[in-house]
Amino acid sequence: MSTLGAGDNMVRLALPDKAGTLFHFADQAHSGQPVVLCLREAPAETLADDMARRVADFSAVEAALFGVIQGGQDGALAAGSEASPRILFDPERRLATAFGFSEAGVIVLDADLRVATCYAGADPGPALAMCQRIFARTTPDTLRAQAPVHLVHDFLEPDLCRRLIDYWKAGEKKSDVVALSSAEKSRTLPDLKTRADVRVSDPDLKTALQERLARRLAPEVFKVFN
């Protein structure tokens, strides 16, 4: 199984907190906030203290901060304040396995619980920068009408976008082709569409696109339109 990365949906998972209460990440989607998960091998108290120093920065951009201890609970945690980050425990290291972390790691989920970024290490700086970008692009706006569409950010990663652009530039262009019924197949209709298409026939590129459709787009279509 391939590890999760930017653009993928968060794995369905519930982890216990210090009281033993299971926290379901799917429930966090109702908050409309990005989620930051800091995975550590450190003792719970050490991680809690470190996260407490960071919580104000992430709260400023409306991001929810969680610490995740890789392993079982190693002792009682102080109660902390409501502003303190929540500490969860992953005794089976399922998060680390899903994201390919050998030790520490950081995961940022957008408000739709899709992976915005993830990386090995303990530095929260890149995670905060990503949350700031998410915050900046979600300025409140009033919509009086909207088409039945759902915008999916980061469906294709930059390297794959570049491969597609290069493939299109080098490929044979089909101008203004419109798909019609199965009986009529397709034909050129420049009054309806002005576009130059390139059919993807490269097996590796086609497989990469199909894999992204299955992992990243199909779950979003089901989630939004059932």
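Keep in mind the model is a prediction, meaning the values are calculated, not measured.

Across the 6 residues of strand S3 (residues 35-40), 6 count as buried, placing the element largely inside the fold. Here S3 shows a buried face lined by Val35, Leu37 and Leu39 and a second buried face lined by Val36, Cys38 and Arg40. With 6 bridges joining them, S3 and strand S4 (residues 64-70) adopt parallel strand pairing. Among the inter-strand pairings, Val35 is bridged to a residue of S4, identified as Ala64. Two elements, S3 and strand S6 (residues 105-109), share 5 bridges in a ladder whose sense is antiparallel. Bridge assignment links Cys38 to a residue of S6, and that residue is Val106.

The full count for this structure, using the stated rule, is 15 salt bridges. The partner of Arg212 in a salt bridge is Glu157, and the shortest N-O contact between them spans 2.3 Å. In this pair, Arg212 sits in helix H7 (residues 203-225) while Glu157 sits in the loop between helix H5 (125-136) and helix H6 (158-170), placing the two residues 55 residues apart along the sequence. Among the residues examined, Glu157 registers a relative accessible area of 22% and is labelled partly exposed.

If you look at soluble globular proteins, the nonpolar side chains tend to sit buried side by side. Among the nonpolar cores identified, the biggest contains 23 residues, and Val36, Phe58, Leu65, Val108, Ala127 and Cys131 are the most heavily contacted of them. Where this core is concerned, the elements lending two or more residues are S3, helix H2 (44-52), helix H3 (55-59), S4, strand S5 (86-90), S6, strand S7 (115-120) and H5. Residue contacts for Phe58: discarding those within four places in its chain leaves Val36, Ala63, Leu65, Pro124, Ala127, Leu128 and Cys131. If you look at the next biggest cluster of nonpolar residues, it comprises 22 residues, including Leu39, Ile107, Leu109 and Leu113.

Now for the side chain of Arg40. By the element assignment, Arg40 lies in strand S3. Engagement of the side chain of Arg40 in a polar contact is seen with the side chain of Asp50, the distance being 2.8 Å. Apart from residues lying up to four places away in sequence, Arg40 is in contact with Leu47, Asp50, Met51, Val68, Ile69, Gln70, Ala104 and Ala122.

Pairing in this open sheet of 5 strands is mixed, and the strands run S5-S4-S3-S6-S7 from one edge to the other. Bordering the open sheet on either side are S5 and S7, each of which pairs with just one other strand. Each neighbouring strand pair of the sheet contributes to a mean axis angle of 20 degrees, computed without reference to strand direction. Sheet strands touched by H2: S3, S4 and S5. Its angle to S4, the strand with the most contacts, is close to 160 degrees. Together, S3, S6 and S7 form the strand contacts of H5, whose direction differs from that of S7 by roughly 170 degrees.

Moving on, we come to the environment of Phe155. Position of Phe155 relative to the elements: it lies in the loop between H5 and H6. In this structure, Phe155 is in contact with Arg114, Arg212, Leu213, Arg216 and Leu217, ignoring residues within four places of it in sequence.

Attention shifts here to H2. Among the residues of H2, those classed as buried are Ala44, Leu47, Ala48, Asp50 and Met51. Burial along H2 is one-sided: seen end-on, the buried residues are contained in an arc of 165 degrees. Packed against the buried residues of H2 are S3, H3, S4 and S5.

A word on the pairing of S6. Where burial is concerned, most of S6 is hidden: 5 out of the 5 residues are buried. Burial along S6 is two-sided: Gly105, Ile107 and Leu109 facing one way and Val106 and Val108 facing the other are all buried. Pairing between S6 and S7: 5 bridges, direction antiparallel. Note on S7: the bridge partner recorded for Leu109 is Val115.

What follows is about the confidence of the model for the chain. Within the chain, residue pLDDT values average 82, and 84% of them lie at 70 or more. The element-level mean pLDDT for the chain is lowest in strand S10 (residues 186-188), coming to 65, with S6 highest at 94. Per-residue pLDDT stays below 50 along residues 78-83; that stretch engages in 4 contacts with residues further than four places along the chain or on separate chains.

Rules used in this analysis
- Residues numbered from 1 in each chain as written.
- Predicted model: local features only at pLDDT ≥ 70, side-chain atom pairs only at ≥ 80, totals over all residues.
- Heavy atoms only, no water.
- Buried < 20%, exposed > 50% of the residue type's maximum accessible area, 1.4 Å probe, protein only.
- Helix = DSSP H or I, 4+ residues; strand = E, 2+ residues; numbered from the N terminus.
- Pairing = 2+ DSSP bridges.
- Salt bridge = Lys/Arg side-chain N within 4 Å of Asp/Glu carboxyl O.
- Core = buried A, V, L, I, M, F, W, Y, C linked by side-chain atoms within 4.5 Å.
- Contact = heavy atoms within 4.5 Å.
- Polar contact = N/O pair within 3.5 Å; in protein donor to acceptor, adjacent residues only side chain to side chain.
- Axes fitted to C-alpha atoms, helices over the stretch in contact; angles between N-to-C directions.
- Arc of directions from axis to C-beta.
- pLDDT = per-residue confidence, 0-100.

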